[in-house]
Amino acid sequence: MMTLLGAGFVLGGAFGMAARLGDFCLLRGLRQARDRQDDGRALRAWALALAVAIAATQGLAWLQEIEPARAQVVRSSVALPAVLLGGALFGLGMVLARSCGARALVLLAGGNLRALVVLASLGLAAQATLTGILAPLRQTLQGVGQMQLEAGTLPAQLQLAGMSATPAILLAALPPIALLLWFALRSPGLRRAPREATAASLIGALVALGWWLTSHVDVDPFDPAAPTSLSFIGPVAESFLYLQLAVGRDLNLGPVMVLGTLAGAGGVALVTRSFKLTGFDSPQRLLASLAGGSLMGFGGVLAVGCSIGQGLSGLSTLALASIPACLGIVLGCHIGLAAEKSIHSLRGHTP
């Protein structure tokens, strides 16, 4: 019988393979949309992954296989300013680092040593924000503008209003699924890219699988842990901590999923002969990667997730707190991309 750690390694491996094969990246999609390249194919792939994740996760909820309201990412108490700020800092960090945490793992597995700097600074900043020198600042920010929700997810909120479970799930899930599928498939770009479409669909399904695995495999009936799924801020931080303090510590799901992602993406890089060692071409790029990773580490903890942990896993549960976090991430990305374009434009006009 497979253990949860074994299942987590397989889950991470499948994600790493799909993300590498499909070049799955929210930042890439937003950059394409800004520059009107490739019909915004990468962003449409992201929308397809989210549609599949919501459909599969809510389907499991309807079958009573999982309880999304118990998920780690679902919060009934939300510090809205902190979540928005954290999301925006994470999005800005993505632009500076040219990747999110998940994408950095995939790139590192292909020999990109710049990604190692991003991951190291992300992990250090995240751990400092969780339990280190930045923890007091995080606690202060999270104490501002606290909102208490009656329920953490939209279906649960509708049920409190008097709906039964099935109509609540359908009413909450069908509109976003339909809108996301319409956006993903209305233009031919993604339809003409079967590899990216298949990879995105698989990643969406893996999100739901993560919820199922952590709800059923190695669960202590007397003290069940909160279900979790794909996410990379806490796990990357835990991985670096485990490397330093492994003696006396139990290996948990986060680092194993990170290792699986590296293995899956690395396997694809080797098979496709795309593995290539690359480094920094300037000190400025090194500084940008350090700053970007640090902003993602701090912002991801503040927003309680990253572009995967909130953008796919959180939204798949229809968690209300995931909406401002994702809005903040997209806003931060747009600010960073606009600043990047302005800087390039000024350099282009410099004699």
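Preceding this section is the structure that the text describes.
One numbering rule holds for all chains: residues counted from 1, following each sequence as written. Local features in a predicted model are, by the rule used here, given only for residues with pLDDT of at least 70; side-chain atom pairs are given and counted only at 80 or more, and totals for whole chains, interfaces and linings are based on all residues. Each side-chain value is derived from all of the structure's non-hydrogen atoms; neither hydrogens nor water enter the calculation.

Quick notes on the layout of surface pockets
Empty space among the atoms becomes apparent when a probe as large as a water molecule is rolled across them.
Now for step 1: Using only the protein atoms, space was sampled on a 1 Å grid; points where a 1.4 Å probe fits but cannot get out form cavities, open sets with protein on both sides within 12 Å along at least five of seven lines form pockets, and lining residues are those with an atom within 4 Å of a point. Grid points are joined across faces, edges and corners, and a volume is the space filled by probe spheres set on the points. Approximately 1100 Å³ is the volume found for the largest pocket.
Now for step 2: Forming the boundary of the largest pocket are 46 residues, of which Gln72, Val73, Arg75, Thr228 and Glu238 lie nearest the centre.
Now for step 3: It is helix H12 (residues 233-244) that provides the largest number of residues to the lining of the largest pocket, a total of four residues.
Now for step 4: Amino acid classes used here: Ala, Val, Leu, Ile, Met, Phe, Trp, Tyr, Cys and Pro are nonpolar; Asp, Glu, Lys and Arg are charged; the rest, including Gly, are polar. Taken together, the residues that form the lining of the largest pocket break down as 23 nonpolar, 17 polar and six charged.
Now for step 5: In this structure, the second largest pocket spans a volume of roughly 610 Å³. Starting at the N terminus, helices and strands are each numbered in turn, a helix being any DSSP run of H or I of at least four residues and a strand any DSSP run of E of at least two.

A look at the packing of aromatic side chains
Any aromatic ring pair is given by two values, namely how distant the centres are and how the planes are angled relative to each other.
Now for step 1: Within 6.5 Å between ring centres, the rings of Phe, Tyr and Trp (the latter by its six-membered ring) count as paired, and their orientation is classed by plane angle as stacked under 30 degrees, edge-to-face over 60, tilted in between. Taken as a whole and judged by the stated rule, the model has two aromatic pairs.
Now for step 2: Ring geometry for phenylalanine 24 versus tryptophan 46: centroids 4.8 Å apart, planes at 10°, classification stacked. With phenylalanine 24 in the loop between helix H1 (4-22) and helix H2 (26-35) and tryptophan 46 in helix H3 (residues 41-62), the pair connects residues that are 22 residues apart, well separated along the chain.
Now for step 3: Given a relative accessible area of 8%, phenylalanine 24 falls into the buried group.
Now for step 4: The classification of residues rests on relative accessible area computed with a 1.4 Å probe and restricted to protein chains. Under 20% of the type maximum is buried, over 50% is exposed, and intermediate values are partly exposed. Classification of tryptophan 46 by relative accessible area gives buried; the value is 9%.

Re a nonpolar patch on the surface
Now for step 1: The patches described consist of residues with a relative accessible area above 30% and no salt bridge, like charges being joined within 9 Å and nonpolar side chains (Val, Leu, Ile, Met, Phe, Trp, Tyr) within 5 Å. The method behind every accessible area is Shrake-Rupley, applied with a 1.4 Å probe, and residues are considered shielded solely by the protein chains displayed. Salt bridge, as used here, is a side-chain nitrogen of Lys or Arg placed within 4 Å of a carboxyl oxygen of Asp or Glu. Together, Leu80, Leu84, Met147, Ile323 and Leu327 make up a nonpolar patch on the protein surface, roughly 420 Å² of accessible area in all.
Now for step 2: Sorting the residues of the nonpolar patch by element identifies helix H4 (80-97) and helix H16 (322-348) as the ones contributing at least two each.
Now for step 3: One can find isoleucine 323 in helix H16.

Some points on the nonpolar core
Now for step 1: Here the nonpolar core consists of buried residues drawn from Ala, Val, Leu, Ile, Met, Phe, Trp, Tyr and Cys, with membership extended through side-chain atoms lying within 4.5 Å. With 77 residues, the main nonpolar core has Phe15, Phe24, Met94, Ile308 and Leu312 as its most contacted residues.
Now for step 2: The dominant element in this core, judged by the number of residues it contributes, is H3, at 12 residues.
Now for step 3: Once you skip the residues sitting within four places of it in the chain, phenylalanine 24 turns out to touch Ala19, Ala45, Trp46, Ala49, Arg103, Ala200, Ile203, Ile308 and Leu312. Residues count as neighbours in contact if any of their non-hydrogen atoms are within 4.5 Å of one another.

Here's the deal with the pattern of salt bridges
Now for step 1: Summed over all chains, the structure comprises seven salt bridges.
Now for step 2: Between aspartate 35 and arginine 34 there is a salt bridge whose closest N-O contact spans 2.8 Å.
Now for step 3: Overall, aspartate 35 belongs to the partly exposed group, its relative accessible area being 29%.
Now for step 4: With its nearest N and O atoms 3.1 Å apart, the salt bridge here joins arginine 41 to glutamate 196. One end of the pair, arginine 41, is in helix H3; the other, glutamate 196, is in helix H11 (residues 194-216), with 155 residues separating them in the sequence.
Now for step 5: Among the charged side chains, a salt-bridge network with shared partners connects Arg31, Arg34, Asp35 and Glu340.

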